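The chain contents come next:
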Amino acid sequence: MLKVKNTLTAKKEPFKPIEKGKIRMYVCGPTVYGPGHIGHARTYIAFDIIRRYLEYRKFRVKYVVNITDVHDDMIKTANELGISIFELGKKYSEEFFKEMKILKVKQADVYPRVTEEIDEIIKLIEKLVQKKLAYETDDGVYFKVEKFSDYGKLSGIKIEKGKTGTRIQTDKYEKNNVQDFVLWKKAKPNEPAWDSPWGKGRPGWHIECSAMNFHHLGEQIDIHCGAEDLSFPHHENEIAQSEGVTGKQFVKYWMHSGFLNVNEKKMSKSLGNFITIPELLKTTDPRVFRFFVSGLHYRSPVNFSAKQIKKSEKTLKKLDSFLKRLTEIKKTGSENKKVNVLIENAKKGFEKEMDDDFNLPNAWAYLFELERETNKMEQEKGLTKKDALNVLNFFKKINSFLDIFQFEFKEQKLSQEEMKLIKKRENLRKEKKWDEADNIRKLLAKKGILLDDTQKGTKWRKEA
Ligand code: AMP
Ligand code: ZN
């Protein structure tokens, strides 16, 4: 029986979707004003594995990830770059899709964008106004928090004075109450704006997720995800907006992933510990990062450090060579029942742990045990090709959601020409000719050759 920890009740609950066999799942998506960062990568990989495990468990999952392309950060960055938010959003949403593809995150069924959902958003705000849950002021439309008696039920945070409940400082707005949050912002000069019953303006942040959920999944959904930073105020506000309109429970299970910090500190450009996904990929094999994330419980906070990644790299290499050895076994003969028992035990143990709120760290232990025991049998008696295939097939099944292992092994050899280029690049780096050196790196990357500059010189490897 699958159990899921629900942030709403703070309990592990038996998982029962609203409609048998079908899951409506929503993850709060990125604000597309720059490249994705490794915190995004952590959250989207964690929920990707969960989504795909649910599919492995034979649920039909509809998976929606929104793209926030109207936002204060978008407007600020677009103005700085002298482009429109539409251009900015197009560029970075495309980059986001590419980054996710490299990290093997399966595409969502729908990626709704705020710029394409304005009508839905306005309809929802109108309903809130009609129900007197929202009111208009000189500069916008606000949600009246005191009218929603369940406010605070997700985060446990009760309304206090001084909490504004939005991402940005809103003190200057003329709201009736400090905790009320903005649904619609009336247009200011140099800001993108759309027509609405309240004049030209743009949506606030929280309302988009309620509107997109209603539009693409319905008024009641099974699973809503995001990292824990969003539980207050964003998800609390989503509940207030959605349940305020329908009077029905909005989300059955709230799942929050742990926040990723770098070297024990919150990532920030000023601290110099902000790592984008393209930066990560310069030095780290995407499989290694996915493996690193899969070794953590989705709810655990993550501390990212070079040391951790090195450790993951080493372990994954061992697993790679284990699988490679299995593919090379040629011995004929029948299968060994003991191997099948080992596989069956690993499968049962793995699934039991995954069914217990997706406990990947515990689940991995069963895979490592299978690796150890298979190795032992291979050394003691020698496995047949049939045995090896049985073990490989099990790893392939698990890989339908882990998406970490490789089963075909290219020869790790470079041509003389390629070796020469690496040498040339090393010399260019010594001469501090970074741009030229980087061009060689890019050229080699196109051929699937990845470089890692270490203290002992440049190391290379071929992409799987
Ligand atoms: P944002 O682009 O900040 O709107 O965030 C998009 C998604 O990534 C949300 O689900 C966030 O909760 C999640 N997220 C943002 N920063 C981090 C981080 N440092 N660690 C984990 N998840 C994050
Ligand atoms: Zn959201």
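Small disclaimer: the values here were computed from a predicted structure and weren't measured. Residue positions are given per chain, counting from 1 as you read along its sequence in written order. Whichever chain is written first becomes A and whichever ligand is written first becomes 1, with later ones labelled in order. The model is predicted, so local features are restricted to residues of pLDDT at least 70 and side-chain atom pairs to those at 80 or more, both for listing and for counting; the totals for chains, interfaces and linings are taken over all residues. Here the side-chain values reflect all heavy atoms present in the structure, with hydrogen atoms and water set aside.

Asks: Residue-level account of the coordination of the zinc ion (ligand 2), with values.
Replies: Water is not part of the atom set, so a site may look incomplete; the donors themselves are N, O and S atoms within 2.8 Å of the metal, or 3.2 Å for Na, K and Ca. The zinc ion (ligand 2) binds to the protein through C28 (SG), C209 (SG) and H234 (NE2), with metal-donor distances spanning 2.0 to 2.2 Å. All donors of the zinc ion (ligand 2) belong to a single chain; written as a sequence motif, their spacing is C-x180-C-x24-H. Of this pair, C209 sits in helix α5 (residues 206-216) while H234 sits in helix α6 (residues 231-246); the two residues are 25 residues apart in sequence, bridging distant segments of the chain. The exposure class assigned to H234 is buried, which follows from its relative accessible area of 1%. Counting from the N terminus, the helices are DSSP H or I runs at least four residues long and the strands are E runs at least two residues long. Burial status follows relative accessibility: with a 1.4 Å probe on protein chains alone, a residue under 20% of its type maximum counts as buried, one over 50% as exposed, and anything between as partly exposed.

Asks: An account of the packing of helix α2 (residues 72-81) against helix α3 (residues 85-102) is requested, with residue identities and associated values reported.
Replies: Comment: axis = line fitted to C-alpha atoms, over the contacting stretch for helices; angle = value between 0 and 180 degrees taken between N-to-C directions. Between α2 and α3, the shortest axis-to-axis distance is 9 Å and the interhelical angle comes to 100°. In terms of orientation, α2 lies roughly perpendicular with respect to α3. Of the residues in α3, those in contact with M74, I75, T77, A78 and L81 of α2 are I85, L88 and G89. Here the nonpolar group is Ala, Val, Leu, Ile, Met, Phe, Trp, Tyr, Cys and Pro; Asp, Glu, Lys and Arg are the charged ones; every other residue, Gly included, is treated as polar. Tallied by class, the residues present in the contact of α2 with α3 amount to six nonpolar, two polar and no charged. For classification, angles of less than 35 degrees are called roughly parallel, those exceeding 145 degrees roughly antiparallel, those between 65 and 115 degrees roughly perpendicular, and all remaining angles oblique. Pairs of residues are marked as contacts when any of their non-hydrogen atoms sit within 4.5 Å.

Asks: Any chance you could break down the state of the cysteines for me, citing the residues and the numbers?
Replies: Defined by distance alone, a disulfide is two cysteine sulfur atoms within 2.5 Å. This structure, assessed with the given rule, holds zero disulfides. Among the cysteines around C225, which has no disulfide bond, C28 carries the closest sulfur, lying 8.7 Å off. Relative accessible area serves as the criterion here: at 0%, C225 is assigned to the buried category.

Asks: Describe the sheet that holds strand β13 (residues 302-304), naming the residues involved and giving the relevant values.
Replies: Spatial strand order, β12-β11-β13: three strands in an open sheet with mixed pairing. Only two strands of the sheet have a single partner each, and these edge strands are β12 (265-266) and β13. Of the strand pairs in this sheet, strand β11 (residues 260-262) and β13 are connected by three bridges, and their pairing is parallel. Paired with L260 across the strands is V302, a residue of β13. Any two strands are treated as partners once DSSP identifies two or more bridges connecting them.

Asks: Just give me the short version of the sheet that holds strand β7 (residues 181-186), but keep the residues and values in it.
Replies: The four strands are arranged β5-β6-β7-β8 in an open sheet whose pairing can be described as antiparallel. One side of each edge strand has no neighbouring strand; the edge strands of this open sheet are β5 (134-136) and β8 (201-203). The mean angle between the axes of side-by-side strands here comes to 20°, regardless of whether they run parallel or antiparallel.

Asks: Which residues make up the site of ligand 1, and what are the values?
Replies: Nearness is defined per residue: one heavy atom within 4 Å of the molecule or strand is enough. For ligand 1, the set of nearby residues contains 17 residues, the closest of which are H40, T43, A227, D229 and L260. Any pair of nitrogen or oxygen atoms within 3.5 Å is treated as a polar contact; in protein, a donor-acceptor pairing is required on top of that, and neighbouring residues in sequence qualify only through side-chain atoms on both sides. In this structure, an oxygen atom belonging to ligand 1 sits 2.8 Å away from a side-chain N or O atom of H40. At 2.8 Å from a nitrogen atom of ligand 1 is found a main-chain nitrogen or oxygen belonging to L260. Calculation of accessible area relied on Shrake-Rupley with a 1.4 Å probe; when residues are assessed, cover is drawn exclusively from the protein chains displayed. Burial of ligand 1 by the protein amounts to 92% of the accessible area it has alone, namely 480 Å². Looking at the shell around ligand 1, the elements that each hand over two or more residues are α1 (38-56) and β9 (221-227). Of the residues forming the shell around ligand 1, the biggest block, four residues, is contributed by α1. Here the residues of the shell around ligand 1 sort into seven nonpolar, eight polar and two charged.

Asks: So, unusual backbone geometry: which residues are in play, and what are the values?
Replies: That bond from F232 to P233 is cis: its omega, 0°, falls within 30 degrees of zero. Position of P233 relative to the elements: it lies in helix α6. In this model, A10 sits at a positive phi of 60°, which is unusual for a non-glycine residue. Tracing the sequence through the fold places A10 in the loop between β1 (3-6) and β2 (11-14).

Asks: For the nonpolar core, give the residues involved together with the corresponding values.
Replies: Counting 127 residues, the largest nonpolar core has L54, F289, F304, F358, F395, L402 and F405 as the members making the most contacts within it. Looking at which element gives the most residues to this core, the answer is α1, with 11 residues. Discounting chain neighbours no more than four positions away, the residues touching L54 are L2, I23, M25, F59, V61, I223 and F358. Joining through side-chain atoms within 4.5 Å is the link that ties buried Ala, Val, Leu, Ile, Met, Phe, Trp, Tyr and Cys residues into a set, and such a set is a nonpolar core. Within the second largest apolar cluster, nine residues are counted, among which are L414, L428, I449 and L451.

Asks: Describe the pattern of salt bridges, and please don't skip the residues or the numbers.
Replies: Whenever a carboxyl oxygen of Asp or Glu lies within 4 Å of a side-chain nitrogen of Lys or Arg, that contact is scored as a salt bridge. On inspection of all chains with the given rule, the structure shows 40 salt bridges. We note a salt bridge from E328 to K324, for which the minimum N-O separation is 3.2 Å. Taken together, the residues span about one helical turn, with E328 and K324 both in helix α9 (residues 306-328) at a distance of four residues. Judged by relative accessible area, K324 falls into the partly exposed class, the value being 33%. By sharing partners, the salt bridges in this structure join D48, R52, K104, R290 and D403 into a single network.

Asks: Lay out the domain arrangement of the protein in plain terms, naming residues and giving numbers.
Replies: Note that the domain bounds reflect an automated or database-derived domain assignment. One can read the domain layout of the protein as domain 1 (3-266), domain 2 (310-402) and domain 3 (416-462). The centre of domain 1, based on its C-alpha atoms, is set 40 Å off from the matching centre of domain 2. On the domain 2 side, the residues contacting the 12 residues of domain 1 number 13 residues. For the pair domain 1 and domain 2, the summed buried area comes to about 1300 Å², and 58% of that belongs to carbon and sulfur atoms. As a working definition, buried area equals the accessible area (1.4 Å probe) given up by two parts on being put together, with both sides summed. When the buried surface of domain 1 facing domain 2 is broken down by residue, I49, Y53 and Y56 rank first, second and third, together holding 48% of it.

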